[in-house]
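# Structural characterization, general
Spelled out, the chains give:
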Amino acid sequence: MQATADASALSTYSPEVRQLLFNYVLQLADTSLLLGHRLSEWCGHGPILEQDLAMANIALDLLGETRSLYQYAAALEGRHRSEDDLAFLRVATDYRNPLLVEQPNGDFAHTVVRQFLFDNFHYHFLQQLQASPDQHLAAIAEKSVKEAAYHLKWSAEWVVRLGDGTEESRQRIEKAISKLWRYAAELMMPTPTEQALQKLGLVPDYIALQPSVDAYLAQVFAEATLLIPQNVPPQLGGKQGRHSEHLGYILAELQYMQRTYPGMKW
Amino acid sequence: METAELTQEELFQQRIDADQRIEPKDWMPEAYRKTLIRQISQHAHSEIVGMLPEGNWITRAPSLKRKSILLAKVQDEAGHGLYLYSAAETLGASRDQMLADLHAGKAKYSSIFNYPTLSWADIGCVGWLVDGAAILNQVPLCRTSYGPYARAMVRVCKEESFHQRQGFEIMQTLCEGAPEQKAMAQEALNRWWWPTLMMFGPKDDESPNTARSMQWRIKRFTNDELRQKFVDMMVPQAEFLGLTVPDAKAKWNETKKGYDFGDVNWEEFWQVVNGNGLCNHDRLQARVDAWEEGAWVREAALAHAKKRAARV
């Protein structure tokens, strides 16, 4: 795998940059881990068999991306922690995912809106990340962007179907949008870590992404005959370890085996 | 008229006897069609209900690698359900009707999924034993007389044999691990062994559909033949893992070149088949809930497709 970085390529970074990159890659890994976890909760319970398959598929893609990212983070850190140590053996306040991806599945409309807000960011972000001078991030982005394009197609199509479907589906998706919108802004609100790496030109600048993210959202909402919420105060904090109450319960499940049987091979 | 019908039936049996495949548009006896719809839809339902006990461990899988493999495996089961429903549709059954029969409790699914998955080792046992038993049941179906079913089964069997290997590998990792892990493996085997022997169905002399299904080559081995094959295959595998099957009578019999084994608890078998297993209620309710809670989604998709078509 591309992401198992060799030490020589990493030695070009100063310890400070390495630490910044470690935090950054961990944030990306936590994000896809948590969203993949949420989607995998649908497995066996989807509204249509074909959509059960689609959600499992997206969850699997995200989990694949997660693994590449944790492996790279582990290499950056250089303390012999494994992908599993990073995924399973940290405390809640050390997770760096944005609040959006830890929100509960709710009904299918909530899942679709959460997915669309994330996919629209993720796809455009990965497109830019492919050009990163960091070869490992660029390689992970190159692989994941193809998957993210499919995810975005799936969630955008469902936003349109639910928005322009029946009266009930419209009410449900409007409710989901009004609930989840407050978490969208955090995706592109840079933390000090992100700002520092953006300044170094190692990772995409969100300001440059904003126009394409906004334009595609406007296009999909127009097709879905949905209104874009205005002036919603954003909820922030996940990317800096200040989470909603939901994360603790996710970790209780996610970490159960690793915490109960420490240090074993599975 | 009646004579003509008889001749058709004789011709049909001749084709079966010559090992020719029956295809959707071919003439077939109504009872053959019904038997197949019952069997294929039951099989499809088993795939879908079978997602639940394994899905129960996706969010708790012990490593990222195991989580990916398990999620992919459960997703494969959904895919199997999809091709099997499609195969049944070629016989004139609708997916909605088949699901309605499942939800109403009229259609059966494999009773094995009415047992709970209580530890991570259960995920190993489901792959190793349950998928192992399913493969023995299913490999002969790749040569079953109805073409679409046989072709669907070729693909299903390929994936199932991968699933079985991953289950065995989970067990092997546990058995080579810490004492707690080995104990977990043995405890799971103790619970899954007898229910998997029940997966082959009642004893031959109590299996009402066997004779005709054999005559039509829908089925190619009897329940007892398959059960014997399973025991012969699995007892040595358990020994290889350093585990003991929970049957004191399981011993190699040199004369019959196979294992002797104890009696299945048929009382338990019929209890679970008739809805009284630990998870029967919850499994079916989970399927009904998913269907009912998804109704508005399906309606929205349909309404949107109609609006779109009207605009063109």
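The sections below set out a description of the structure shown in this document. Values in this document were obtained by computation on a predicted structure and should not be read as measured data.

## A closer look at the overall build of chain B
Helices and strands together make up the secondary structure of chain B, namely 13 helices and two strands. In terms of C-alpha radius of gyration, chain B reaches 21 Å, essentially the compact-globule figure of 20 Å for 312 residues. Looking at chain B as a whole, 55% of its 312 residues qualify as buried. Long-range contacts, defined here as pairs at least 24 residues apart, represent 77% of the contacts in chain B between residues at least 6 apart.

## Notes on the layout of surface pockets
Residues and elements named next belong to chain A. Estimates place the volume of the second largest pocket at around 380 Å³. Lining the second largest pocket are 19 residues, with W181, A184, A185, Q210 and D214 positioned closest to its centre. Of all elements in the fold, only α5 (108-129) and α9 (206-223) reach the threshold of two or more residues within the lining of the second largest pocket. Element by element, the count of residues in the lining of the second largest pocket is highest for α9, at five residues. A breakdown of the residues in the lining of the second largest pocket according to their chemical character gives 15 nonpolar, two polar and two charged.

## Some thoughts on unusual backbone geometry
Residues and elements named next belong to chain B. Positive phi is not limited to glycine here, since R217 has a value of about 55 degrees. For R217, the location among the structural elements is in the loop between α9 (210-215) and α10 (223-241). For R217, a relative accessible area of 23% puts it in the partly exposed group. Look at K257: it is not a glycine, yet its phi comes out positive at around 55 degrees. Looking at where K257 falls in the secondary structure, it is placed in the loop between β1 (251-253) and β2 (258-260).

## Topic: helix α13 (residues 295-311) of chain B
Within an α-helix, residues lying three or four positions from one another point in the same direction, as the helix has 3.6 residues per turn. In a regular helix each residue adds 1.5 Å, so 17 residues correspond to 24 Å; α13(B) covers 25 Å between its end C-alpha atoms and thus fits that length. Every buried residue of α13(B) is accounted for by B:W296, B:V297, B:R298, B:A300, B:A301 and B:H304.

## A closer look at the interface of chain A and chain B
For interface size, the figure often reported is the accessible area lost on association. Taken together, the 48 residues of chain A in the interface contact 48 residues of chain B. For the chain A face of the interface with chain B, the top three residues by lost area are A:L49, A:L53 and A:W266, together amounting to 17%. Where chain A meets chain B, there are four salt bridges. Between B:R308 and A:E223 there is a salt bridge, with its nearest N and O atoms 2.6 Å apart. Joining chain A to chain B, the criterion identifies 15 residue pairs in polar contact (both at pLDDT 80 or more). Broken down by class, the residue content of the side of chain A that touches chain B amounts to 24 nonpolar, 10 polar and 14 charged.

About the thresholds
- Residues numbered from 1 in each chain as written.
- Chains lettered and ligands numbered in written order.
- Predicted model: local features only at pLDDT ≥ 70, side-chain atom pairs only at ≥ 80, totals over all residues.
- Heavy atoms only, no water.
- Helix = DSSP H or I, 4+ residues; strand = E, 2+ residues; numbered from the N terminus.
- Rg over C-alpha atoms; globule rule 2.2 N^0.38 Å.
- Buried < 20%, exposed > 50% of the residue type's maximum accessible area, 1.4 Å probe, protein only.
- Contact = heavy atoms within 4.5 Å.
- 1 Å grid on protein atoms, 1.4 Å probe; cavity = no way out; pocket = protein on both sides within 12 Å on 5 of 7 lines; lining within 4 Å.
- Points joined across faces, edges and corners; volume = space filled by probe spheres on them.
- Nonpolar A, V, L, I, M, F, W, Y, C, P; charged D, E, K, R; others polar.
- Expected span 1.5 Å × (residues − 1).
- Buried area = accessible area lost by both parts, 1.4 Å probe.
- Salt bridge = Lys/Arg side-chain N within 4 Å of Asp/Glu carboxyl O.
- Polar contact = N/O pair within 3.5 Å; in protein donor to acceptor, adjacent residues only side chain to side chain.

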